[in-house]
Amino acid sequence: MSSKSIYCLSNAAKTIDLHGQPDNSLCFSAVLYLWLVIMLITASGCSIVGHRERHIVSASDLKAFAAEHAPGESGIKSVRLYFDASTSMRGFALAATQNIEHAPEEYKSIIMALDSIPAMLQGNSGDGRNTSLAVARFGGTIEELSDAGMVSSALGRIAIPMIGGAALDKRSESRDYRATWGGSSEMRGNIDSFYSETITCLNRVFDEILKTRSRNSVSIIVTDAEQAAPSDSTACPSARNLGTIQENLYEWVRLGNFVAVVAFRLPTMPWRSQFEPSQYTSCDKHLLYAYLMMSSAEQAEAIYSHIATFWKGNTEAIAYLPFTPRPASEYEVVMKISSIDGKPGAIIPPRATRDLTNPERGTLPIYWVRLTGEEAEVKFVVTEAAFEDHSITKAPGFCPIDWSRASYEWQAPVRLEPLVSAGVAKSDAKSASLEADYSKAGRKSEMASGGGTPERSASPAAKPAMLISAKGILGLEFIQLPDSQLEQTQHAVIRTAHFHARNKLLPKEHMLRNLSSVRFNVRRRGTQSSGCEIYLIQLNMKSIDYLDKIAAKLPLVIKAGLPCLSLENVKTQMRFVYRPSPVVRFLLHIDY
């Protein structure tokens, strides 16, 4: 704007203030411009006037955030399998490949199930999209298996050199111990070569998964041990520090992801080696773990169900152990705004379209309200919720919790603000405006994604989360009020929101009714300025008892007490990683 225009605006504003109309006709266009600016700011729906650092959160960005942080399925484009190639794994392969009648098939069935996961995911997606499988074996390092087949490699059907291309030392070849292996010498050599690492380093595997995590990818770690390396190992930092593994798992969950462990009790072929006599497997049965690290419980359960269909062992020798409570697959939340002294404390803006509270699959619902005074009383009721597809209960070793008996608590609303790009200072408390035309942005989003679920970010490095927890003084405050089952207040506004994690809805008989409710008094913090704030509201499962309830019902966990069959490390991890996790969550956008 030119200096003359600025002068006209200033002069015209003074004249309007004193006399009600401008006395300079030359400045009429500038006055009109000022009026348009004021109208645009007022109609923006969510703006903080007078703040120098203004961050814009568009409707499309907010909807993308709602999709990024929603529990549930997302389109999986890649599966990455990390396979432990350490020496202690040899016994499984040796037992599975014995040239005898009725050789144990459990290990082979697991390998075949893992190898066929991409085909299963592609079939479930129904959109013809290819899902790739990348396999890497690990010990002290991580190495790609390139084009070598997973089944052929793990069962010794083809020759795979030691990690790093080293030659197999004669002294490291396995020797029978308390049993005789009847397979061919060639297969025995292939198994010894593939499982030839004396170090098991999970640190590097977890580090790589955290670094390359994506909503559209699945990582699976197959191992029989926590971590095994000399304390002075240079190949495995903090080799015997199990806490680093737990910290990695905790960080994975903190970032909004899901982790579960599938445990198997497998026959093993006792063996030993001349290379290092102190390291041999003398157990006839041993535990194998598959860490399922992905974005949602639906993905983990689908993969577990797939593995269970391939499982050739006893139904009591397999178990599914989730590390966090399972978020609800579907839920309905009713928002009730009560009138105060006969007047509505807040309204729903006319531009607040229904698609915000009834979004497409895999997107959190968003309530949009506007305070009409200094405060409002808002109540949220989770009227319906379903936690899993009950067909999964048919899978052996899967023990669903009776969620109706669980203990829940509402987390204090978390104020969100935009995350500024790298190198730009972040605002301390002032998030700014929200695009007013939600319906237009929704149409753009559907056109861009072909009408389906919005694509989620490929990696945090490529596109970080757009909103983070805000700091500093906020314009609003929430005061939780005692909630009563008796409706003693008159409701001025009622709006129902829905969330669906999957394409197919669960039958009504699987829904829990009136799960929980909460009542807040929302009030201004003594400020007269206009603005908007965005909150993430969550209902958490607070009890850790579910871990013991799972352990008490799974035969594998009950019977796992011998040194070769100890689940104590995994149970310790579960207790460490556990955090109050949201079973229901939604967004609340408030204009004031």
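See the structure shown above.
Residues numbered from 1 in each chain as written. Predicted model: local features only at pLDDT ≥ 70, side-chain atom pairs only at ≥ 80, totals over all residues. Heavy atoms only, no water.

Draft legend 1. The arrangement of the overall build of the protein in detail. Along the protein, the regular secondary structure elements total 15 helices and 22 strands. Each of the 592 residues in the protein was classed as buried or not, and the buried ones make up 53%. Of the contacts made within the protein by residues no fewer than 6 positions apart, 85% connect residues no fewer than 24 positions apart. Here the protein has roughly 26,700 Å² of accessible surface; of this, 52% comes from carbon and sulfur atoms. (Helix = DSSP H or I, 4+ residues; strand = E, 2+ residues; numbered from the N terminus. Buried < 20%, exposed > 50% of the residue type's maximum accessible area, 1.4 Å probe, protein only. Contact = heavy atoms within 4.5 Å. Areas by Shrake-Rupley, 256 points an atom, 1.4 Å probe, with all protein chains shown as cover.)

Draft legend 2. Local environment of the nonpolar core. Counting residues in each nonpolar core, the largest one holds 90 residues, and the members touching the most others are Ile 221, Phe 380 and Leu 588. Grouped together as the second largest cluster of nonpolar side chains are 56 residues, Ile 117, Leu 266, Trp 271 and Tyr 320 included. (Core = buried A, V, L, I, M, F, W, Y, C linked by side-chain atoms within 4.5 Å.)

Draft legend 3. Focus on the pattern of salt bridges. All told, the structure shown has 17 salt bridges when counted by the stated rule. For Glu 143, the salt bridge is made with Arg 137, and the minimal N-O distance between the two is 3.1 Å. The class of Arg 137 is buried, set by a relative accessible area of 1%. A salt bridge links Arg 370 to Asp 591; its shortest N-O distance comes to 3.7 Å. Of the two residues, Arg 370 sits in strand β13 (residues 366-371) while Asp 591 sits in strand β22 (residues 581-591), which places them 221 residues apart along the sequence. The class of Arg 370 is partly exposed, set by a relative accessible area of 25%. Among the charged side chains, a network of salt bridges with common partners joins Arg 80, Glu 144 and Glu 208. (Salt bridge = Lys/Arg side-chain N within 4 Å of Asp/Glu carboxyl O.)

Draft legend 4. Expanded view of the sheet that holds strand β3 (residues 142-144). The mixed open sheet is built from 7 strands, whose spatial order is β3-β2-β1-β5-β8-β6-β9. In the strand order of this sheet, the two ends are held by β3 and β9 (318-322), each with one partner. Along the sheet, successive strands turn relative to each other by an average axial angle of 20°, direction set aside. Sheet topology note: the strand β6 (residues 258-267)/strand β8 (residues 285-294) ladder contains 10 bridges and is antiparallel. (Pairing = 2+ DSSP bridges. Axes fitted to C-alpha atoms, helices over the stretch in contact; angles between N-to-C directions.)

Draft legend 5. Molecular detail of the packing of aromatic side chains. Per the counting criterion, the structure on display carries 16 aromatic pairs. Arranged with centres 5.4 Å apart and planes meeting at 40°, the rings of Phe 264 and Trp 311 form a pair that is tilted. In this pair, Phe 264 sits in strand β6 while Trp 311 sits in the loop between α11 (297-310) and β9, placing the two residues 47 residues apart along the sequence. Classification of Phe 264 by relative accessible area gives buried; the value is 0%. Both rings, one in Trp 410 and one in Phe 586, keep their centres 6.5 Å apart while their planes meet at 70°; by these two values the pair is edge-to-face. Separated by 176 residues along the polypeptide, Trp 410 in strand β15 (residues 408-410) and Phe 586 in strand β22 bring together distant segments of the chain. Assigned by exposure class, Trp 410 and Phe 586 land together as buried. Connected via pairs of aromatic rings, a cluster forms that spans Tyr 367, Phe 380, Trp 410 and Phe 586. The cationic tip of Arg 90 hangs over the ring face of Trp 271; the distance from NZ or CZ to the ring centre is 4.8 Å. (Phe/Tyr/Trp six-rings, centres within 6.5 Å; stacked < 30°, edge-to-face > 60°. Lys NZ or Arg CZ within 6 Å of the ring centre and 35° of its normal.)

Draft legend 6. Structural view of helix α8 (residues 185-194). For α8, the full list of buried residues reads Arg 188, Asn 190, Ile 191, Asp 192, Ser 193 and Phe 194. Contacts from the buried residues of α8 go to β1 (78-84), α4 (90-96), β2 (132-138), α7 (150-154) and β4 (174-176).

Draft legend 7. Spatial organisation of the side chain of Ser 193. Relative to the helices and strands, Ser 193 resides in helix α8. Judged by relative accessible area, Ser 193 falls into the buried class, the value being 12%. Among the polar contacts made by the side chain of Ser 193, one reaches the main-chain carbonyl oxygen of Ile 160 at a distance of 2.7 Å. (Polar contact = N/O pair within 3.5 Å; in protein donor to acceptor, adjacent residues only side chain to side chain.)

Draft legend 8. Structural context of the environment of Lys 549. Within the fold, Lys 549 resides in helix α13 (residues 545-553). On the accessibility criterion, Lys 549 (42% relative accessible area) is partly exposed. Sequence separation of Lys 549 and Ile 401 is 148 residues, and the distance between their C-alpha atoms is 7.7 Å.

Draft legend 9. Quick peek at the pairing of β9. Burial analysis of β9 places 5 of its 5 residues in the buried class, which makes it a mostly covered element. Neither face of β9 is open: one carries Ile 318, Tyr 320 and Pro 322, the other Ala 319 and Leu 321, and all of them are buried. Sheet topology places β6 next to β9; 5 bridges connect them, and they run antiparallel. Residue pairing for β9: Ala 263 is matched across the bridge by Ala 319.

Draft legend 10. Molecular detail of the pairing of strand β21 (residues 532-541). Burial within β21 is extensive, with 10 of its 10 residues counted as buried. The pairing of β15 with β21 spans 3 bridges and is antiparallel. Bridge pairing links Glu 409 to Asn 540 in β21. One ladder, built from 3 bridges, connects strand β16 (residues 414-418) with β21; its direction is antiparallel. Bridge pairing in β21 places Leu 416 opposite Ile 534. As judged from the 10 bridges shared by β21 and β22, these two strands associate in the antiparallel manner. From the neighbouring strand, Asn 540 faces β22, where its bridge partner is Pro 582.

Draft legend 11. Molecular detail of the side chain of Glu 332. By the element assignment, Glu 332 lies in strand β10 (residues 330-340). Residue Glu 332 is classed as buried on the basis of its relative accessible area, which comes to 19%. A polar side-chain atom of Glu 332 sits 2.5 Å from a polar atom in the side chain of Thr 383. Excluding anything up to four places from it in sequence, Glu 332 contacts Val 381, Val 382, Thr 383, Glu 384, Thr 496, Ala 497 and His 498.

Draft legend 12. Geometry of the environment of Glu 388. Structurally, the position occupied by Glu 388 is in the loop between β14 (375-386) and β15. Expressed as a C-alpha distance, the spacing of Glu 388 and Glu 298, which sit 90 residues apart in the sequence, is 7.8 Å. With residues up to four places along the chain from it excluded, the contact list for Glu 388 reads Glu 301, Arg 326, Ser 329, Pro 400, Trp 403, Arg 502 and Leu 506.

Draft legend 13. Region of the structure containing helix α15 (residues 568-577). Taken as a whole, α15 has its buried residues at Val 570, Gln 573, Met 574 and Val 577. Taken end-on, α15 shows its buried residues confined to a sector of 100°, consistent with a single buried face. (Arc of directions from axis to C-beta.)

Draft legend 14. Unusual backbone geometry, seen in detail. A positive phi angle is found at His 102, which is not glycine, with a value near 60°. The exposed category is assigned to His 102, whose relative accessible area is 72%. If you check the backbone angles, Arg 178 has positive phi at about 65° while not being a glycine. Positionally, Arg 178 belongs in the loop between β4 and α8. The exposure class assigned to Arg 178 is exposed, which follows from its relative accessible area of 53%.

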